[in-house]
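An overview of the molecular structure
Below are the chains, spelled out letter by letter.
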Amino acid sequence: MKLGCIQLQVAFGDVEKNFSRVEEFIREAANKGAEIVILPEMWNTSYALEKLEGLADVDGERTKAFLSQLAKELHVHIVGGSVATKKGDKFYNTMLVYNNEGELVGEYDKAHLFRLMDEHLHLSSGNTQNNFKLGDLGAAGVICYDIRFPEWLRLHALNGAKVLFVSAQWPTARIDHWKTLLQARAIENQCFVVAVNRISRNKDNFNGQSMVIEPWGEILWTGGEDEELAIVDVDFSKVDEVRTRIPVYDDRRPELYQDVLK
Ligand SMILES: NC(=O)CCC(=O)C(=O)O
């Protein structure tokens, strides 16, 4: 299957510009044969957290209509990164996922809020998992800081995900953590990890390095330090092969480590 990874330069607080750029990229990805397109975190507003009252997408309605229409027209699955949403009187960091018929198959509010970027001061956290199907493919999606919580990703793998999509705004300062954590999540869960980060105008802040990693831990693609669209070919049957080679799921002894869930 061909993945279209959109390592977007997200414009701070400029919702119109971001929508228009995302549409261009999704169309280009579909033209180049992508069957699943993946976007980064908070691509509508970036971290304009102080301005969410005016900028956040109310109930995600605009983003939902936009992604659904493109998914259906271009017959492409869209893991729609995340957008800032307002639901009731609260703000969320919300991932929306559409299948290639334009149907909403995943809606997920980021579960772990990242204090270093003040998320906890402005956003509310979600409480539900994000497993979904793209055709026959079992998949899941999480957002950025979530990858530091292996139990959370394991739960998604146990619930049938063969690929973990990660949308992020992961800063340059900790980019080594990003790479190591993503590779670990792929190896321990014997899953594909498809992780799309953003670019900022000043690369000292966000420098991309998006990644596609297969279940044995081999890195199939790493993004550069500029805005880019990458088309990456993956063979999802590799998951079953790796899980047969080392039967980690059969060898688990959850009774020994239940306490980690407390
Ligand atoms: N947007 C985020 O969740 C950033 C997470 C991060 O930088 C980290 O080190 O974790």
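Described in the following lines is the structure provided in the data block. (Residues numbered from 1 in each chain as written. Predicted model: local features only at pLDDT ≥ 70, side-chain atom pairs only at ≥ 80, totals over all residues. Heavy atoms only, no water.)

Observations regarding the packing of aromatic side chains
We count it as follows: Stacked, tilted and edge-to-face are the three classes applied to pairs of Phe, Tyr and Trp rings, where Trp contributes its six-membered ring and a pair requires centres within 6.5 Å; stacked means planes under 30 degrees apart, edge-to-face means over 60, and tilted covers the rest. A run of H or I in DSSP becomes a helix once it reaches four residues, and a run of E becomes a strand once it reaches two; helices and strands are each numbered from the N terminus. Burial classification: accessible surface area is computed with a 1.4 Å probe over protein chains only, and a residue below 20% of its type maximum counts as buried, one above 50% as exposed, and the rest as partly exposed. Distance and angle both matter: a charge sits over a ring if NZ of Lys or CZ of Arg is within 6 Å of the ring centre and within 35 degrees of the ring normal.
For the coordinates displayed, the defined rule picks out eight aromatic pairs. Seen in terms of ring centroids, F19 and F66 are 4.9 Å apart; in terms of plane orientation they differ by 75 degrees. Their pairing is edge-to-face. A residue pair is termed long-range when its members are at least 10 positions apart, and F19 in helix α1 (residues 15–31) and F66 in helix α3 (residues 61–74) qualify at 47 residues. In this structure F19 comes out as buried when scored by relative accessible area, which is 4%. We classify F66 as buried; its relative accessible area is 14%. Seen from their ring centres, Y145 and F149 are 5.1 Å apart, and the 90 degrees between their planes marks the pair as edge-to-face. On the basis of relative accessible area, Y145 is assigned to the partly exposed category, the value being 21%. Members of the aromatic cluster, connected to one another through ring pairs, are F19, W43 and F66. One cation-aromatic arrangement involves R62 over F19; the distance from NZ or CZ to the ring centre is 3.9 Å.

Brief notes about the site of the ligand
Where we set the bar: Nearness is judged by heavy atoms alone; a residue qualifies as near a molecule or strand once a single heavy atom is within 4 Å of it. The term polar contact refers here to a pair of N or O atoms within 3.5 Å; inside protein, the definition further demands a hydrogen-donor-capable atom paired with an acceptor-capable atom, and it admits residues adjacent in sequence only when both atoms are side-chain atoms. Only the protein chains shown count as cover for residues, and the accessible areas themselves come from Shrake-Rupley with a 1.4 Å probe. Both cavities and pockets are sets of points on a 1 Å grid over the protein atoms alone; in a cavity a 1.4 Å probe fits but cannot get out, in a pocket the set is open with protein on both sides within 12 Å along at least five of seven lines, and lining residues sit with an atom within 4 Å of a point. To decide whether a molecule occupies a pocket or cavity, check its atoms: if more than half lie within 2 Å of the grid points, it is inside. Each residue gets one of three labels, nonpolar for Ala, Val, Leu, Ile, Met, Phe, Trp, Tyr, Cys and Pro, charged for Asp, Glu, Lys and Arg, and polar for the others, Gly among them.
The immediate surroundings of the ligand are formed by E41, Y47, K110, F114, M117, C144, Y145, R148, Q169, W170, P171 and R174. At a separation of 3.1 Å, a nitrogen atom of the ligand approaches a polar side-chain atom of Y47. With respect to the ligand, the side chain of R148 contributes an N or O atom lying 2.7 Å from an oxygen atom. In the complex, 100% of the free accessible area of the ligand, which totals 290 Å², lies under the protein chains. One can see that the ligand is located within the largest cavity. Its residues placed into classes, the shell around the ligand shows seven nonpolar, one polar and four charged.

Things to note about a nonpolar patch on the surface
Short version of the rule: Nonpolar side chains (Val, Leu, Ile, Met, Phe, Trp, Tyr) are joined into patches within 5 Å and like charges within 9 Å, using only residues with over 30% relative accessible area and no salt bridge. Every case where a carboxyl oxygen of Asp or Glu lies within 4 Å of a side-chain nitrogen of Lys or Arg is listed as a salt bridge.
Together, L256, Y257, V260 and L261 line one region of the surface with nonpolar side chains, adding up to about 430 Å² of accessible area. Note on placement: V260 falls in the segment after α8 (248–251). Under the relative-accessibility criterion, V260 is labelled partly exposed at 47%.

Observations concerning the state of the cysteines
Worth spelling out the cut-off: By convention in this document, the label disulfide applies to cysteine sulfur atom pairs within 2.5 Å.
Evaluation of the coordinates by the stated rule reveals zero disulfides. Sulfur of C191: no disulfide; nearest cysteine sulfur belongs to C5 and is 16 Å away.

Brief notes about empty space enclosed by the protein
Rules: Grid points are joined across faces, edges and corners, and a volume is the space filled by probe spheres set on the points.
By the definition in use, this model includes one cavity of 30 Å³ or more. As a volume, the largest cavity reaches approximately 50 Å³. Considering the residues around the largest cavity, the lining is formed by F114, M117, C144, Y145, R148, Q169, W170, P171 and R174. Grouping the constituent residues of the lining of the largest cavity by class yields six nonpolar, one polar and two charged.

Some words on the sheet that holds strand β10 (residues 192–196)
For the record, the criterion: If DSSP finds at least two bridges between two strands, the strands pair. With axes taken as lines fitted to C-alpha atoms, and helix axes fitted only over the stretch in contact, angles between N-to-C directions fall between 0 and 180 degrees. Note on definitions: a residue-residue contact is assigned when non-hydrogen atoms from the two residues lie within 4.5 Å.
Read across the open sheet, the six strands follow the order β7-β8-β9-β10-β11-β12; overall the sheet is mixed. On the outer flanks of this sheet lie β7 (131–134) and β12 (219–222), each paired with one strand and no other. Taking the axes of each pair of neighbouring strands and ignoring which way they run, one obtains an average angle of 20 degrees across the sheet. Sheet topology note: the strand β8 (residues 137–143)/strand β9 (residues 163–167) ladder contains five bridges and is parallel. Residue pairing in the sheet places V142 in a bridge with V166 of β9. Its contacts with the sheet put helix α5 (residues 150–158) on β7, β8 and β9, and the angle it makes with β8 is roughly 160 degrees.

Some points on the layout of surface pockets
By volume, the largest pocket is sized at about 360 Å³. Breaking the lining of the largest pocket down by element, the ones donating at least two residues are α5 and α6 (175–189). Along the lines of polarity and charge, the residues of the lining of the largest pocket split into eight nonpolar, two polar and four charged. Of the volumes computed, that of the second largest pocket is approximately 240 Å³. Looking at the second largest pocket, it is lined by 14 residues, and the ones nearest its centre are Q9, V10, A11, F12 and R201. For the lining of the second largest pocket, the per-class residue count stands at four nonpolar, five polar and five charged.

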